[in-house]
Amino acid sequence: MILLRLRLFFYPVFLLILYSCQQQEDDNFQEFENVPTFSLASIKKNYEGIYKPRDISGIGNHLIVAESRSADPDFPKIHVLEKTTLKYAFAKGKAGFGPLEIATASSIEPGFSDDTFLVYCSMNKKFVTFSLSDTSLLGIAEYKQPDELFGMYMKFHVNDSIVLGIMADEPNRLVEYSTITGKRVDGYGPWEKVPGVDHLIDYEDPDINYHLGEINIGRFRANRDLGLFVKALGFRDRIEIFHYPSKTFKIIEGPRKEVHPFTIKRSQGRSAVIFDLEYPFGYGDAEVSTKFIYALYSGLTDAQMMNSDELARIVYVFSHQGKLIGRLDLDRSIRDIAVDEELGKLYGITTDGDPWIAVFDLPDELFE
């Protein structure tokens, strides 16, 4: 269950201050208590061909569902559903290490042409493009991850020649690489010291960039058309919005303002960040839609999640500029979200003992 929790929140996250080009720190805090709140009921859709769903993404008129790594290795890695009818369309992703095959679907994003989507396979270390216009399990194109991107554990393409992502050991929060040359182009959002807790981190430690990467890790999502890249942090109640065209950050703090406790443990010359698992987790996922940003929030401790099927039932809604718009209280726990504002739907992977797809109707008042 601990691994399940870590997968939802895509590893722990938290830091006391964050780089923001134009905002004062106090401006990042918003009033979460009196935000308009809507209770959403769901329907649960079961699909015979889906075994252990992990991630869900909206690509055009389709929902793309990725299987967990723990699913049978012979099963297809991806499932395609029709958004309007919610019917199962076809499977994608032949399991394997051969040409146009994938061993796992680590991340999914829109392709660079109509009716395609792009899958990154961390085991194969490659990107594979799949077509939504045919039913073949195989991809239609692929390229190997440049060696220099080895340490980039979360990534999203800005275009067909630039990838933006999070490195494991870097002085910047986001790093830009060329997929053509494989070389680093730039970095954005330099790390800053954590005020008031210098005794926890030795800034002469050569592992400092790694530590800061650990405590700032989060789920990375994007909307390429809008140029918005969003990280939802798990151990810190924080959403980071990066506007690529202007190269600026907007930071959202809350609902909690306090710091998630952590320590630095050292052993045999190595050190690591250790978080207090009795403190509730923050955000687990985010979706950047045409109008709003939707952030899945937990507020549960490790023990609460281990002793139940609960992971997250709250979704906070923000404008693209970071203004809090509303709160959605879900009638069931989910782990991953996708949103179609035109259809007025929010989709999620359920976290009960029989995980499938939950579908919620977005409230009309949200768009008024």
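Described in the following lines is the structure provided in the data block.

### Thoughts on the side chain of Asp-285
Phase 1: The topology assignment puts Asp-285 in strand E21 (residues 283-288).
Phase 2: On the accessibility criterion, Asp-285 (0% relative accessible area) is buried.
Phase 3: At 2.8 Å, the side chain of Asp-285 and the side chain of Arg-221 are in polar contact.
Phase 4: A polar contact is formed between the side chain of Asp-285 and the backbone nitrogen of Ile-337, at a distance of 2.9 Å.
Phase 5: When neighbours within four sequence positions are excluded, Asp-285 is seen to be in contact with Arg-219, Arg-221, Ala-232, Tyr-294, Ala-295, Leu-296, Arg-335, Asp-336 and Ile-337.

### Focus: the packing of aromatic side chains
Phase 1: Going through the model one piece at a time under the given rule, you end up with 21 aromatic pairs.
Phase 2: Measuring from centroid to centroid gives 4.9 Å for Phe-127 and Tyr-143, while their planes differ by 20°, and the two rings are stacked. One end of the pair, Phe-127, is in strand E9 (residues 126-131); the other, Tyr-143, is in strand E10 (residues 141-144), and 16 residues separate them in sequence.
Phase 3: Summarising the aromatic geometry, the rings of Tyr-188 and Phe-242 are spaced 5.2 Å apart at their centres and angled 35° between planes, so their arrangement reads as tilted. Taken as a pair, Tyr-188 in strand E14 (residues 184-190) and Phe-242 in strand E17 (residues 238-243) lie far apart in primary sequence, 54 residues in all.
Phase 4: For Tyr-188, a relative accessible area of 9% corresponds to the buried category.
Phase 5: What links up through ring pairs into an aromatic cluster is the set Phe-156, Tyr-188, Phe-220, Phe-229, Phe-242, Tyr-244 and Phe-249.

### Side note on the sheet that holds strand E13 (residues 172-178)
Phase 1: Strand order in the open sheet formed by 4 strands is E11-E12-E13-E14, with antiparallel pairing between adjacent strands. Bordering the open sheet on either side are strand E11 (152-159) and E14, each of which pairs with just one other strand. The average angle at which neighbouring strand axes cross in this sheet is 25°, direction not considered.
Phase 2: Across 4 bridges, strand E12 (residues 162-167) lies against E13 in antiparallel orientation. What sits directly across from Ile-162, in E13, is Ser-178.

### Brief notes about the pattern of salt bridges
Phase 1: Applying the stated rule across the entire model yields 21 salt bridges.
Phase 2: Close ionic contact of Glu-101 with Lys-94 constitutes a salt bridge, the shortest N to O distance being 3.7 Å.
Phase 3: On the basis of relative accessibility, which here comes to 14%, the residue Glu-101 falls in the buried class.
Phase 4: Lys-94 gets classed as partly exposed once you look at its relative accessible area, which sits at 40%.
Phase 5: Between Asp-329 and Arg-327 there is a salt bridge, and its shortest N-O distance comes to 2.6 Å.
Phase 6: On the accessibility criterion, Arg-327 (24% relative accessible area) is partly exposed.
Phase 7: Through salt bridges with shared partners, a single network forms among Arg-54, Asp-55, Arg-219, Arg-221, Asp-285 and Asp-336.

### Brief notes about the sheet that holds strand E4 (residues 62-67)
Phase 1: In spatial order, the strands read E3-E4-E5-E6; together these 4 strands make up an open sheet with antiparallel pairing. The open sheet has two edge strands, strand E3 (53-59) and strand E6 (88-92), and neither has a second partner. Taking the axes of each pair of neighbouring strands and ignoring which way they run, one obtains an average angle of 25° across the sheet.
Phase 2: Note that E4 and strand E5 (residues 78-82) share 5 bridges and pair antiparallel. Along E5, the bridge assignment pairs His-62 with Glu-82.

What counts and how
- Residues numbered from 1 in each chain as written.
- Predicted model: local features only at pLDDT ≥ 70, side-chain atom pairs only at ≥ 80, totals over all residues.
- Heavy atoms only, no water.
- Helix = DSSP H or I, 4+ residues; strand = E, 2+ residues; numbered from the N terminus.
- Buried < 20%, exposed > 50% of the residue type's maximum accessible area, 1.4 Å probe, protein only.
- Polar contact = N/O pair within 3.5 Å; in protein donor to acceptor, adjacent residues only side chain to side chain.
- Contact = heavy atoms within 4.5 Å.
- Phe/Tyr/Trp six-rings, centres within 6.5 Å; stacked < 30°, edge-to-face > 60°.
- Pairing = 2+ DSSP bridges.
- Axes fitted to C-alpha atoms, helices over the stretch in contact; angles between N-to-C directions.
- Salt bridge = Lys/Arg side-chain N within 4 Å of Asp/Glu carboxyl O.

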